[in-house]
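One letter stands for each residue in the lines below.
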Amino acid sequence: MRLAERQKISQQIESNDPKLERVSIQYHECHGHEHWEEFWPPDDDWKREGDSIGRNKHIKTLCLKRIGLRGGEMEDFCGRLACNKSITRLELYRCGAWGGSIFDFLSPFLQQNSNLSCLMVDFDATTGSISNGIKILTKILSKFN
């Protein structure tokens, strides 16, 4: 995705554009080179993008795919999503990169978004974190009534 396209989507998220109902984020580095298919913050400001998504009232689906962020960046991004109440579907693909801790990072969002009706999880079996991720997710989901 080109920079101009990423800037446009970032602006749509920030301005709460009602036409933007799905955001799919993918970003990771492979041998020092960036690879992408979808949107990621044009200035790599994950905190600001997390804040914008957290405040957005129109995004219905958020898809996170193989985001190769360092733990602190991922934790900051996910923590800021907790304010969002419009997302009804959260899709996580290849989420094993954090050893299952992505669920800890997303715990406030999962617990505070009463409109979330679908959580789709696709583990990366090559990371060996499936059982740890399932344990963490089960612990978080057990807090629901």
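The coordinates are above.
Residue positions are given per chain, counted from 1 along the sequence in the order it is written. Totals for whole chains, interfaces and linings use every residue, but because this is a predicted model, local features are given only for residues with pLDDT of at least 70 and side-chain atom pairs only at 80 or more, for both listing and counting. Only heavy atoms go into the side-chain values, all of them from the structure, while hydrogens and water stay out.

Trainee: Would you mind showing me how to read the packing of helix α1 (residues 3–14) against helix α2 (residues 46–55) here?
Mentor: The angle between the axes and the distance between the axes are what describe a pair of packed helices. As a rule, the C-alpha atoms of each element are fitted with a line to give its axis, helices using only the stretch in contact, and angles between N-to-C directions run from 0 to 180 degrees. Put simply, DSSP H or I for four residues or longer makes a helix, DSSP E for two residues or longer makes a strand, and each gets a number counted from the N terminus. One way to put it is that α1 packs onto α2 with a least axis distance of 8 Å and a crossing angle of 45°. The orientation of α1 relative to α2 falls into the category oblique. In contact with S10, I13 and E14 of α1, α2 contributes R48, E49, S52 and I53. Broken down by class, the residue content of the contact of α1 with α2 amounts to two nonpolar, two polar and three charged. Working definition: roughly parallel below 35 degrees, roughly antiparallel above 145 degrees, roughly perpendicular at 65 to 115 degrees, and oblique for all remaining angles. Every residue pair with non-hydrogen atoms within 4.5 Å of one another is taken to be in contact. Under the scheme applied, nonpolar residues are Ala, Val, Leu, Ile, Met, Phe, Trp, Tyr, Cys and Pro; charged residues are Asp, Glu, Lys and Arg; polar residues are all the others, including Gly.

Trainee: Help me understand the pairing of strand β1 (residues 22–26), please; the structure alone is not making it clear to me.
Mentor: Exposure is judged per residue with a 1.4 Å probe applied to protein chains only, and the accessible area is read against the type maximum: over 50% gives exposed, under 20% gives buried, and values in between give partly exposed. Where burial is concerned, most of β1 is hidden: four out of the five residues are buried. DSSP-based pairing: two strands are paired if at least 2 bridges between them are found. Summarising the sheet, β1 and strand β4 (residues 61–65) pair through five bridges and their orientation is parallel. The partner of V23 across the bridge, within β4, is L62.

Trainee: Is there a simple way to explain the environment of S86 in this structure?
Mentor: Mapped onto the elements, S86 comes out in the loop between α3 (71–80) and β5 (89–93). What makes S86 buried here is its relative accessible area of 9%. Expressed as a C-alpha distance, the spacing of S86 and N56, which sit 30 residues apart in the sequence, is 7.4 Å. Pairs of N or O atoms within 3.5 Å make up the polar contacts considered here, provided that, within protein, one atom can donate a hydrogen while the other can accept it, and that residues adjacent in sequence are counted only when both atoms are side-chain atoms. Of note is the side chain of S86, whose polar atom sits 2.7 Å from the backbone oxygen of I59.

Trainee: Can you walk me through unusual backbone geometry in this structure?
Mentor: Trans peptide bonds make up the majority, and among non-glycine residues the majority have a negative phi. One non-glycine residue, N16, lies in the positive phi region at around 65°. Secondary-structure assignment places N16 in the loop between α1 and β1. Owing to a relative accessible area of 23%, N16 belongs among the partly exposed residues under this scheme.

Trainee: Can you help me understand the packing of aromatic side chains in this one?
Mentor: Within a pair of aromatic rings, the relevant descriptors are the distance that separates the centres and the angle that separates the planes. The rule is short: rings of Phe, Tyr and Trp, with Trp giving its six-membered ring, pair when the centres are within 6.5 Å, and they are stacked under 30 degrees, edge-to-face over 60, tilted in between. Per the stated rule, a full pass over the model turns up one aromatic pair. For the pair W46 and F77, a centre-to-centre distance of 5.4 Å together with 90° between the ring planes defines the contact as edge-to-face. Remark: F77 occurs in helix α3 and W46 occurs in helix α2; sequence separation between them is 31 residues. In this structure W46 comes out as buried when scored by relative accessible area, which is 4%. On the basis of relative accessible area, F77 is assigned to the buried category, the value being 0%. Only lysine NZ and arginine CZ atoms are considered, and such an atom sits over a ring when it is within 6 Å of the ring centre and within 35 degrees of the ring normal. When the ring centre of Y93 is taken as reference, the NZ or CZ atom of K65 above it lies at 5.9 Å.

Trainee: Would you mind showing me how to read the nonpolar core here?
Mentor: Across soluble globular proteins, nonpolar side chains have a tendency to be buried as a group. Of all hydrophobic cores here, the largest spans 30 residues; its most connected members are I25, I53, L62 and F77. Listed by contribution, the elements that provide at least two residues to this core are α1, β1, α2, β4, α3, β5, α4 (102–112) and α5 (130–141). The leading source of residues in this core is α4, at six residues. Aside from chain neighbours lying at most four places away, what touches L62 is V23, I25, I53, L81, I87, R89, L90 and E91. The criterion is simple. A nonpolar core is a set of buried Ala, Val, Leu, Ile, Met, Phe, Trp, Tyr and Cys residues joined through side-chain atoms within 4.5 Å.

Trainee: What exactly am I supposed to notice about the side chain of D17 here?
Mentor: Along the polypeptide, D17 turns up in the loop between α1 and β1. Of the side chains with opposite charge, K19 lies nearest to the buried D17, which makes no salt bridge, at 5.5 Å. With residues near it in sequence (within four places) discarded, D17 still touches Q12, N56 and H58. We treat Lys and Arg as the positive residues and Asp and Glu as the negative residues; His and chain ends play no part in the count. Salt bridge, as used here: a side-chain nitrogen of Lys or Arg that lies within 4 Å of a carboxyl oxygen of Asp or Glu.

Trainee: I tried to follow the pattern of salt bridges on my own but got confused; where do I start?
Mentor: Pairing is possible between side chains that carry opposite charge, provided their charged atoms lie close to one another. Inspection of the entire model under this criterion finds eight salt bridges. Among the ionic pairs, R22 bridges to E91, the shortest N-O distance being 3.5 Å. A residue pair is termed long-range when its members are at least 10 positions apart, and R22 in strand β1 and E91 in strand β5 qualify at 69 residues. The class of R22 is partly exposed, set by a relative accessible area of 43%. Between K47 and D76 there is a salt bridge; the shortest N-O distance is 3.7 Å. Taken as a pair, K47 in helix α2 and D76 in helix α3 lie far apart in primary sequence, 29 residues in all. A relative accessible area of 28% places D76 in the partly exposed class. Overlapping salt bridges, with partners in common, bring together E14, D43, D45, R48 and E49 in one network.

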